Amino acid sequence: RGDAACQSASRCLQAMRSVICSNKCATTGAAYFAAVVSTLPKQLGQKGALENQEEMCSALLFILRRALPQLPPSLVAGRINDIVAALTPVFRSSSSETIVRQALQCLSCCAEAAYESSARPNRKVLRPIFSYLSDPRSSVRRQAELSAVAILQKAQEDSQTIEFAVQHLTQMLQTASRSDKKAEEIPAQRAVSLLRAASKLIPDQQLGDIFMALTRLPALLGQHPCCTAAFEFAAQHFTPEDGWNDEDADEQMVPAPPNRAELAGRFLPGMVEVPLSMLNVAYVSAFVRAMAAAVAQLCGKEASPLKLAATKKILSLFSEQDPGLLRAAKEASSTIFSAAGDAEDDQFLQDLLEAVRPLLRFEVKGSWSSALPAVGALFDALGARRSQLDLANLQQWDVTTFQHAKPLAMELIEVRDKSRSGELNVYGKELQEAIASVIKTLGPQQVLRTMPLEVLQHPLTDMQYEQKSRSWMLLALKDSCQQTALQDFGNYFIPLASSLKAKANEAAQKDAPVLEKKYLTLLEQVWALLPGFCTEPLDMQNALLANGGQLAKQLVAVLQNDGSLRDHVWAGFKRLCDASLQPSSRLSEALQESNKACLKTLSGRVMPEMLNVYIKMHAEMEGQDASRVSFSRHQALQAIASYAELADPTYIGSIFKSLVAKWLKATTGEADGSDVAALGDLATTLIPHLTVENLELVIRVFAPALKGGIEDKTMASTQKA
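Quick notes on the rules
- Residues numbered from 1 in each chain as written.
- Predicted model: local features only at pLDDT ≥ 70, side-chain atom pairs only at ≥ 80, totals over all residues.
- Heavy atoms only, no water.
- Helix = DSSP H or I, 4+ residues; strand = E, 2+ residues; numbered from the N terminus.
- Expected span 1.5 Å × (residues − 1).
- Bend = angle between axes of the 7 residues up to and from the residue.
- Salt bridge = Lys/Arg side-chain N within 4 Å of Asp/Glu carboxyl O.
- Buried < 20%, exposed > 50% of the residue type's maximum accessible area, 1.4 Å probe, protein only.
- Axes fitted to C-alpha atoms, helices over the stretch in contact; angles between N-to-C directions.
- Parallel < 35°, antiparallel > 145°, perpendicular 65-115°, else oblique.
- Left-handed = near helix turned anticlockwise from the far one by under 90°.
- Contact = heavy atoms within 4.5 Å.
- Nonpolar A, V, L, I, M, F, W, Y, C, P; charged D, E, K, R; others polar.
- pLDDT = per-residue confidence, 0-100.
- Polar contact = N/O pair within 3.5 Å; in protein donor to acceptor, adjacent residues only side chain to side chain.

Asker: When you look at helix 30 (residues 586-620) in this model, what are you seeing that I'm missing?
Answerer: An α-helical segment advances 3.6 residues per turn. Residues three or four places apart therefore align on the same side. Relative to the 51 Å expected for 35 residues at 1.5 Å per residue, helix 30 spans just 42 Å between its end C-alpha atoms, considerably shorter than the ideal helical length. Of all the bends in helix 30, the largest measures some 60° and sits at Ser 603.

What follows is the structure, encoded as structure tokens:
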């Protein structure tokens, strides 16, 4: 049964069995193997056998291929030369695809048997397999690739076999030439295809010649699809796999990313010398990805001028207009900048601050929507580097970095000052994000010292008020202030807010509602900066406790007296507590204990005011928009809960008892019942932070309130609490 090859193989096996039995030998696998190896040379050696008796030859190869994996490896290894000699006629003639594929499979099995018997396959086995990698027949090429990969998988300790493979692949790349063949039939293309599958099986020390040959392909083939595939492979090889960066993965199961700096150092010089023309977008995109991946490997490991030269070559693409090229340049630049920040390559980062300045020139203006995100990515990389520093080195790093970054930062802000509304529709979002990255990295104090806000120096009626006053910077500051000095808010922005408030009052007295509204809008934008300044501040203790706690008093005063600004203050206190409870950076971890001590010191003065303000705002907001009321109350309760988690549990217990006493009076009619819901909200917010001793009080007080009907409005509020 089965196809013709199986039927022929069955007849061959029957004939072999007859011979084995007639010689009174045991019908073992070794006996059949010996019979096949003896028969093959005679059968294949006959003149015209491969053409006229293809079915018989195919049957014998089929038997041999199926028998080899079942035999003892030592037996197969001992007869490798005989097997190769028997298969030689197949490789010397134009045999059919089926026969050649079977012969290649047999050689692969022989190589595997050699490794399993602690030996190694000789070059007589390897040469036919690698020579067929460039065969014009696709099925044969595919089988040769599979066989080569199978051998390389077993050859991890076999330097001679790996060296042979490297030499052969290098030769295939070096001898590439223009021809009328299809892309997949070019030998260099087949070499790249095999490298995709097997490069990780070859040590990087032996890949150097191959990667140098890849850089010469454009000179041999031009912007051929083979070159595109070669550079895509190089980019993939240099890019760490996702598993290596997975922090949640088991560290014992995930290997460390390989160090490919030496290989990148050999690859990059040739890449820098390759001339770039924009005829083929796919080719150029693959080229810059490969170059960026190689530069990323060198970040932090080698102070090579090649890194900067390669990066400048990528940045030069921003003078083009093709969206595909601009996208490739943006992604490649971001890859390099991110790698430099992660690798703590300070010198390279400082050099890059000067290298990207040409991106802001007028001739590149048409591509600013792509170039500006690259500039922002550089400052983000600097910010990532800054977050890795300790407090002892932070100040010096800030000073040094600002000296190098100041010209670029000033140019960005000048671009925003001079841009018209129509231009901002094109690149305004990207420009705003880039400036936000500058502020996040350098800090608002440094930026405003260089390019100050002038919201009070120009009349609001001026048609160019936004540009002249830089009021637009308030929105950029809101999105970018973090890990900076909280004292700067008290020294700079609170006086500014007071002046804006006075201007609004003055406009109200002059019956100028439009001006009043604009000043109040600016006032709210200034106070909206507070949560950012409270995000992991570097000077929480000094800022809040200086001058007898002046800044803390000012924040509490806003809570008490200005309902329109309360949400910002609530959010600010919440972030101060979060920085102490769950620091997310090395800087915050170093300051955690001092931050906790600071907030605990202030808790006796701040928390009672927080509770009083909540009760007050709860009453004031009755009847207002439900979503607005819900948001504000949620902000307030979150801030109170975070502060309660930091405060002394005994103190929280005393506050809770006071709230419960007021709540009981309100529910029994001894006091005004309008505060029942607010008191209940506060009490339930504090419950998770009580000690075990106070939990009995919770049950004793609140359980009776759950009994009875809810017809009375006060009782309904009580039960809800």
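Asker: Would you mind showing me how to read the pattern of salt bridges here?
Answerer: Oppositely charged side chains may form a pair once their charged atoms are brought near each other. Per the stated rule, a full pass over the model turns up 25 salt bridges. Between Arg 196 and Glu 232 there is a salt bridge, with the nearest N and O atoms lying 3.4 Å from each other. A residue pair is termed long-range when its members are at least 10 positions apart, and Arg 196 in helix 11 (residues 187-198) and Glu 232 in helix 13 (residues 225-238) qualify at 36 residues. By relative accessible area, Arg 196 is classed as partly exposed at 39%. Each of Arg 142, Glu 145 and Arg 190 takes part in salt bridges that share partners, so that together they form one network.

Asker: Just to check I follow, could you spell out the packing of helix 19 (residues 368-387) against helix 21 (residues 421-442) for this structure?
Answerer: To characterise two packed helices, one gives the angle between the axes of the helices and the distance between these axes. Where helix 19 meets helix 21, the axes come as close as 8 Å, and the angle between the chain directions of the two elements is 15°. Comparing their axes, helix 21 and helix 19 come out roughly parallel. Viewed along their axes, helix 19 and helix 21 form a crossing whose handedness is left-handed. Each of Trp 368, Ser 369, Leu 372, Pro 373, Gly 376, Phe 379, Asp 380, Leu 382, Gly 383 and Arg 386 in helix 19 lies in contact with helix 21, whose residues at this interface are Val 426, Tyr 427, Glu 430, Leu 431, Ala 434, Ser 437, Val 438, Thr 441 and Leu 442. Taken together, the residues that form the contact of helix 19 with helix 21 break down as 11 nonpolar, five polar and three charged.

Asker: What should I look at first to understand the confidence of the model for the protein in this one?
Answerer: Detail in the predicted coordinates should be disregarded across regions flagged by low pLDDT. Summarising the model, the protein shows a mean pLDDT of 86, and 91% of its residues fall at 70 or more. Counting interchain partners and residues more than four positions distant, the pLDDT-below-50 stretch residues 243-256 has eight contacts. Counting interchain partners and residues more than four positions distant, the pLDDT-below-50 stretch residues 709-714 has six contacts.

Asker: Is there a simple way to explain the side chain of Gln 206 in this structure?
Answerer: Relative to the helices and strands, Gln 206 is located in the loop between helix 11 and helix 12 (208-221). At 3.2 Å, the side chain of Gln 206 forms a polar contact with the side chain of Glu 163. Once you skip the residues sitting within four places of it in the chain, Gln 206 turns out to touch Ser 159, Ile 162, Glu 163 and Val 166.

Asker: Any chance you could explain unusual backbone geometry here in plain terms?
Answerer: Located in the positive-phi region is Glu 536, a residue other than glycine, with phi close to 50°. Residue placement: Glu 536 occurs in the loop between helix 27 (530-533) and helix 28 (540-561). Of note, Asn 547 is a non-glycine position whose phi angle comes to about 55°, a positive value. Inspection of the secondary structure assignment puts Asn 547 in helix 28.

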